[in-house]
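In case you want the letters, here they are:
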Amino acid sequence: MKQHTLHRLVGLVSAALLAGFAGGGSVQGPACSAWAADPGPDSFIGLQPGLGSLPLLGRGRTRSISAENPTGEKGKGGMAIPNPAEPKPAASARAADNLGQGWKVRPFIRLNAGETATLMDVAGSGVIQHIWMVEGLNRGLVLRFFWDGEATPSVEAPAPDFFAVGHGRFAPVNSLAVVVNPANALNCFWPMPFRTRARITLSNETARDVELVAYQIDYVETEVPAAAGTFHAQYRRASTRDTNPYVLLDGVQGRGRYVGTFLAWTQMEKGWFGEGEIKFYLDGDAAFPTICGTGTEDYFLGSYGFPRPYTTAYSGTVLPASENADPPNFWSLYRWHIQDPVNFEQDLRVTLQALGWGSDGKYKKLSDDIASVAYWYQAEPHAPFPKLPALADRIRDARKSPARLPGAHECESLAVVSLTPGIVTEAQDVSGLGGGWSGGAQLFVRAQKTGDFVEVAIPAAEPGARKVALHATRAPDYGTLRFTVNGTTVAPVFDGYAEKPAPSGPIPLGLHEPKDGRFILRAEVIGANAAATGARHFFGLDAVVLQKP
């Protein structure tokens, strides 16, 4: 009698685990009864994580893919034969030449610049249980997972970010879903079911060969319940100067559950940065979400900031960082919704505010840099992902935003209303030349000769005369300029020559009335300093400041 009761209890527990994995959410009422009566394929039993499921003997067949067994087939591991003539071998490829087949001939692969390697391509149904990878923490290497013959990936992310490594900087992660061990061993344990095919690729989008990529993908050949969703992960990166709240995920359509967040957050100014709320917009939510958090550190299961690193089963901030250190400060934060997945039936959007404290004691919007990976399961088909950020945007170092002059109209952002035919104007980044330029950029004008000009329109927020001050640039190949505002010539002329590029400081242009709600500033080349070199007639306009008299 006791044995029968125990057997029935094990069956009910297994049924409940299956229901939770498949997305049922609740294990009470009719759903529980249905699963208890028909717990699903016997081969799927025991594949749910946890010590309690280990004694449950299902019919799944364990397989493992690595460089030593690229297909994962039974009895096909360690069959590589040394090839001393290989023109571009992987690391350690020649170490077994004297030992022969079966002696660690192909433990790694080489991934040359611009190439894509297929790590896994398996037909049939099953569940990936574990992935281990070593690839150098290179954001230029992109992982893509394709389930069941789909044309667009369900997972697309730089390899280190997918494994909760931010900024290309190693830190240990000790969690249930992801484990990162010294020195750069990347592991994940997200269960990933597939029904007809699983294909995983790794692309080297950099200009350099990678001589050592190591990997192992452990999976089980088994039937998969109809209610099981497939695994998805999506990478994004943006500056909150341009997009605040930051969008972690949107455009998701269908039924599923959100299971994790990873953030590589670059803090751009001193002070606490984590007052922002995370919001989950579910199933038709428009202006306001169904789930609204109370702060960034609260979402990552902390409180009163992040005074020290921590790594736990479900959340962590793993890089040593201080909110009051000189920026940029780098934070790697993860939050796994393993015990509390966010279920949705129709659609999902997830956003996060970047908020800190202002000197006035009020919340302050921040111009920080955030990269993220969002993880979820859903019923296929999935909506196409937005375009992956370009390589340059993925690998760039986040920099503190250059200071802007108070009330400045940035010339590189103003409308060019007239110019000499044939000359070129462009927004030019001058932040690398040192400080002093408002916003770190200018309007660069490639004037060719005396008489060449550009006119820009400066909007007037309200009527009334304004004192107009221009900030420009001096450089070795810059010419001498004359300025007019709304047709009125301003004296004296401006000599744009200097031995090295430098900001001009304020150039007073006098008091002027706006016309048609704007000021038209004209800069015209009237000559060049005798010491000028090169083109001699170029010039640069940084910013315009309008002040009441």
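Residues numbered from 1 in each chain as written. Predicted model: local features only at pLDDT ≥ 70, side-chain atom pairs only at ≥ 80, totals over all residues. Heavy atoms only, no water.

**A word on the overall build of the protein**
At step 1: Check the secondary structure of the protein and you find five helices and 36 strands.
At step 2: Seen through its C-alpha atoms, the protein measures out along the principal axes to roughly 105 × 65 × 40 Å.
At step 3: Scored against the burial criterion, the 549 residues of the protein give a buried share of 49%.
At step 4: At a minimum sequence separation of 6, the contacts of the protein that also span at least 24 residues come to 75%.
At step 5: Accessible surface, the protein as shown: approximately 25500 Å² in total, 55% of it carbon and sulfur.
At step 6: A gap of 1 Å separates the mean positions of the 50 positive and 53 negative side-chain charges of the protein. (Helix = DSSP H or I, 4+ residues; strand = E, 2+ residues; numbered from the N terminus. Buried < 20%, exposed > 50% of the residue type's maximum accessible area, 1.4 Å probe, protein only. Contact = heavy atoms within 4.5 Å. Areas by Shrake-Rupley, 256 points an atom, 1.4 Å probe, with all protein chains shown as cover. Lys, Arg positive; Asp, Glu negative; His and termini not counted. Charge placed at Lys NZ, Arg CZ, Asp CG, Glu CD.)

**Focus: the nonpolar core**
At step 1: Ranked by internal contacts, the top residues of the largest apolar core, which has 58 residues, are Phe 162 and Trp 190.
At step 2: When near neighbours in sequence (up to four residues on either side) are disregarded, Trp 190 contacts Ile 128, Gln 129, Ala 177, Val 178, Phe 231, Val 259, Trp 336, Tyr 375 and Tyr 377. (Core = buried A, V, L, I, M, F, W, Y, C linked by side-chain atoms within 4.5 Å.)

**Points about the side chain of His 337**
At step 1: Summarising the element assignment, His 337 is placed in the loop between strand E20 (329-336) and strand E21 (342-344).
At step 2: In this structure the side chain of His 337 is engaged in a polar contact, spanning 2.8 Å, whose partner is the side chain of Tyr 299.
At step 3: Only 3.4 Å separates the side chain of His 337 from the backbone oxygen of Asp 340, close enough to count as a polar contact.
At step 4: Contact partners of His 337, with chain neighbours within four places excluded, come to Tyr 258, Val 259, Gly 260, Phe 280, Tyr 299 and Val 342. (Polar contact = N/O pair within 3.5 Å; in protein donor to acceptor, adjacent residues only side chain to side chain.)

**Focus: the sheet that holds strand E16 (residues 278-282)**
At step 1: Read across the open sheet, the four strands follow the order E14-E22-E16-E17; overall the sheet is antiparallel. Single-partner strands in this sheet number two, and they are strand E14 (246-253) and strand E17 (291-292).
At step 2: Sheet topology note: the E14/strand E22 (residues 347-352) ladder contains five bridges and is antiparallel. Looking at the pairing, Val 252 lines up with Leu 348 of E22. (Pairing = 2+ DSSP bridges.)

**Comments concerning the environment of Gly 254**
At step 1: Its place among the elements puts Gly 254 in the loop between E14 and strand E15 (256-267).
At step 2: Taking the relative accessible area as the measure of exposure, Gly 254 reaches 25% and is therefore partly exposed.
At step 3: Taking the C-alpha atoms as reference points, Gly 254 and Gln 378, separated by 124 residues in sequence, lie 6.8 Å from one another.
At step 4: Filtering out sequence-adjacent residues up to four positions away, Gly 254 remains in contact with Phe 344, Glu 345, Gln 346 and Asp 347.

**Considering the pattern of salt bridges**
At step 1: Overall, the coordinates contain 29 salt bridges when judged by the stated rule.
At step 2: The partner of Glu 205 in a salt bridge is Arg 144, and the shortest N-O contact between them spans 3.3 Å. Here the residue Glu 205 occupies a position in the loop between strand E11 (197-204) and strand E12 (210-221), and Arg 144 occupies one in strand E5 (residues 141-147), the gap between them amounting to 61 residues.
At step 3: One salt bridge connects Asp 452 with Lys 449, and the closest N-O pair in it is separated by 3.0 Å.
At step 4: One salt-bridge network, in which partners are shared between bridges, spans Lys 88, Arg 110, Asp 209 and Glu 211. (Salt bridge = Lys/Arg side-chain N within 4 Å of Asp/Glu carboxyl O.)

**Some remarks on the packing of aromatic side chains**
At step 1: With the rule as written, the count across this model stands at 27 aromatic pairs.
At step 2: Taking 5.9 Å as the distance between ring centres and 40° as the angle between the ring planes, the aromatic pair formed by Trp 376 and Phe 385 counts as tilted.
At step 3: Judged by its relative accessible area of 1%, Trp 376 is buried.
At step 4: Geometrically, the ring pair formed by Phe 444 and Tyr 478 is stacked, given 6.2 Å between the ring centres and 20° between the ring planes. Taken together, the residues span a long stretch of sequence, with Phe 444 in strand E29 (residues 441-446) and Tyr 478 in the loop between strand E31 (466-474) and strand E32 (480-485) at a distance of 34 residues.
At step 5: Assessed through its relative accessible area of 6%, Phe 444 is described here as buried.
At step 6: Residue classification places Tyr 478 among the buried positions, given a relative accessible area of 5%.
At step 7: Following the ring pairs from residue to residue traces out a cluster consisting of Phe 145, Trp 147, Phe 162, Phe 163, Trp 190, Phe 231, Tyr 334, Trp 336, Tyr 375 and Tyr 377.
At step 8: It is Arg 199 that lies over the ring of Phe 146; its NZ or CZ is 4.1 Å from the centre.
At step 9: Above the face of the Tyr 299 ring, Arg 335 is positioned so that its terminal group lies 5.5 Å from the ring centre. (Phe/Tyr/Trp six-rings, centres within 6.5 Å; stacked < 30°, edge-to-face > 60°. Lys NZ or Arg CZ within 6 Å of the ring centre and 35° of its normal.)

**Looking at the sheet that holds strand E30 (residues 453-459)**
At step 1: Strand order in this open sheet of five strands is E27-E30-E35-E32-E33, and the pairing throughout is antiparallel. A strand with exactly one partner marks an edge of an open sheet, and here the two such strands are strand E27 (415-419) and strand E33 (488-495). Going across the sheet, the axis of each strand differs from the next one's by a mean of 25°, ignoring polarity.
At step 2: Across four bridges, E27 lies against E30 in antiparallel orientation. By the bridge assignment for E30, Val 416 is matched with Val 456. (Axes fitted to C-alpha atoms, helices over the stretch in contact; angles between N-to-C directions.)

**Quick notes on the side chain of Ser 372**
At step 1: With respect to the helices and strands, the residue Ser 372 is situated in strand E25 (residues 369-378).
At step 2: Within the structure, the side chain of Ser 372 is placed 2.8 Å from the side chain of Tyr 246, a separation counted as a polar contact.
At step 3: Excluding residues that lie within four positions of it along the chain, Ser 372 makes contacts with Gln 234, Tyr 235, Arg 236, Tyr 246, Leu 248, Phe 262 and Leu 263.

**Quick notes on the environment of Pro 82**
At step 1: Checked against the element boundaries, Pro 82 lands in the loop between strand E1 (61-66) and strand E2 (109-111).
At step 2: Beyond its immediate stretch of four places on either side in the chain, Pro 82 contacts Arg 94, Ala 96, Asp 97, Gly 100, Gln 101 and Val 105.

**Description of the pairing of E16**
At step 1: Extensive coverage of E16 is indicated by the burial of five of its five residues.
At step 2: Neither face of E16 is exposed, since Ile 278, Phe 280 and Leu 282 on one face and Lys 279 and Tyr 281 on the opposite face are all buried.
At step 3: Sheet topology note: the E16/E22 ladder contains five bridges and is antiparallel. What sits directly across from Lys 279, in E22, is Thr 351.
At step 4: In this structure, E16 lies alongside E17, joined through two bridges in antiparallel fashion. Bridged to Phe 280 within E17 is Ile 291.

**Notes on unusual backbone geometry**
At step 1: Across the junction of Pro 182 and Ala 183, the peptide omega takes the value 0°, indicating a cis bond.
At step 2: Mapped onto the secondary structure, Ala 183 falls in the loop between strand E8 (178-181) and strand E9 (185-188).

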